[in-house]
Amino acid sequence: MVGAGNVATNLGRALLGAGNDILQVYSRTQASASRLAEMLGGSPVTDLEKVSRDADVYIVAVKDSVLAELVPRLCEGREEKVFLHTAGSVSAGVFEGMALHYGVLYPMQTFSKDRLLDFGEIPCFIEWSDDLSFETVSTLAHSVSGRVAPLNSEGRKHLHLAAVFACNFVNHCYAISSDILARHGVPFDIMLPLIDETARKVHHLKPIDAQTGPAVRYDQNVIRMQAEMLRDNPIYKQIYESMSLSIHRAAQDKDE
């Protein structure tokens, strides 16, 4: 397991629980490598030169920004092994020319080290370069998840983009909501029933059909008033106005 962050921690735990052996955990820091290796049973390493050449598969779960620079050093001397990465927005081709067998195992979920999830419910999207990499990534993915599907690099990039809207941006809206409430002494947990019902609705309705609020009907009096309330935070105000306009236009397109 190359990496010891949120994805590596959760995927590593799932793979171990499914009966896979974790030989080593690599991280740039000893503390991170040791912490995850203690959970997974492998030995910690912080030097790529000391990464074993005896593993069957090397799973690279690191930041996108360091993946390209790490891959050449990792593949050197191990070219005939299977290499997989877990990134949503990086092509499987990052391994091309440096490894003979490679692919992607992308679990589409938001992960935190200290929150264990039922991996069996997490959609895993796979890509492969040849028969050996297909057999490897398919076997690993099916060992941890009941929802495995093929998806090429271009499709996965768009999937990741959609996930940023559905997860990261939504969570940032929670953070803005929490900040507004905190300024007036209101606890954020007052929002949880609203958040939960909003999430439940899209299990039964299309998101466009579940949309409510002043922007859908373009209640300009409310929108202007609320935008003005955010005048001391131009970024919040810009988000509010852009989001309101987008919601209104989406509602118009739906009605046409």
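Sequence order as written defines residue numbering, which begins from 1 separately in each chain. Owing to the predicted nature of the model, reporting of local features is limited to residues with pLDDT of at least 70; listing and counting of side-chain atom pairs is limited to 80 or more, with chain, interface and lining totals taken over all residues. As a convention, hydrogens and water are excluded, and side-chain values are obtained from all of the structure's heavy atoms.

Draft legend 1. Quick look at helix α4 (residues 131–144). Strands here are runs of E lasting at least two residues and helices are runs of H or I lasting at least four, both read from the DSSP assignment and numbered beginning at the N terminus. Each residue after the first adds 1.5 Å to the expected span of a helix. Between its first and last C-alpha atoms α4 spans 20 Å; for 14 residues at 1.5 Å apiece the expected length is 20 Å, and the two agree. In this scheme, a residue with accessible area under 20% of its type's maximum is buried, one over 50% is exposed, and one in between is partly exposed, where area comes from a 1.4 Å probe on protein chains only. For α4, the set of buried residues is Ser-133, Thr-136, Val-137, Ser-138, Leu-140, Ala-141 and Val-144. On its buried side, α4 packs onto α1 (6–17), β3 (57–60), β4 (82–85), β5 (101–107), β6 (124–128) and β7 (148–150). Every residue pair with non-hydrogen atoms within 4.5 Å of one another is taken to be in contact.

Draft legend 2. Broad picture of the environment of Ala-18. Topologically, Ala-18 is positioned in the loop between α1 and β1 (24–26). Exposure remark for Ala-18: the relative accessible area of 35% places this residue in the partly exposed category. It is 6.2 Å that separates the C-alpha atoms of Ala-18 and Val-144, two residues lying 126 residues apart in sequence. With sequence-adjacent residues up to four places away left out, Ala-18 is seen in contact with Ser-143 and Val-144.

Draft legend 3. Molecular detail of the pattern of salt bridges. By salt bridge we mean one thing: a side-chain nitrogen of Lys or Arg within 4 Å of a carboxyl oxygen of Asp or Glu. As enumerated under the stated definition, the model contains seven salt bridges in all. Ionic pairing is found between Lys-254 and Asp-209, a salt bridge with its closest N-O pair at 3.0 Å. In this pair, Lys-254 is assigned in helix α9 (residues 234–255) and Asp-209 in helix α7 (residues 207–210), connecting sequence segments 45 residues apart. For Lys-254, a relative accessible area of 44% corresponds to the partly exposed category.

Draft legend 4. The arrangement of the pairing of β6 in detail. For β6, a buried count of four out of five residues is recorded, marking the element as mostly surrounded by other parts of the structure. Strand pairing is defined by DSSP finding a minimum of two bridges between the two strands. Summarising the sheet, β5 and β6 pair through five bridges and their orientation is antiparallel. Bridge pairing in β6 links Leu-105 to Ile-126. Summarising the sheet, β6 and β7 pair through three bridges and their orientation is parallel. Within β7, the position partnered with Cys-124 by the bridge is Val-148. Remark: the β6/α4/β7 crossover connection has right-handed handedness. For the handedness criterion, the strands are oriented away from the viewer, and a crossover whose path from the first strand over the helix to the second runs clockwise is classed as right-handed.

Draft legend 5. Seen up close, the sheet that holds β3. Spatially, β3-β4-β5-β6-β7 is the arrangement adopted by the five strands of the open sheet, whose pairing is mixed. The outermost strands of the open sheet, each flanked by one partner alone, are β3 and β7. The mean angle between the axes of side-by-side strands here comes to 25°, regardless of whether they run parallel or antiparallel. As judged from the four bridges shared by β4 and β5, these two strands associate in the parallel manner. Counted as the bridge partner of His-85 is Val-104 from β5. Every axis corresponds to a line fitted to the C-alpha atoms, with the helix fit spanning only the stretch in contact, and the corresponding angles, defined between N-to-C directions, vary from 0 to 180 degrees. Strands in contact with helix α5 (residues 153–182) are β4, β5 and β6; relative to β5, the strand with the most contacts, it is inclined by about 20°.

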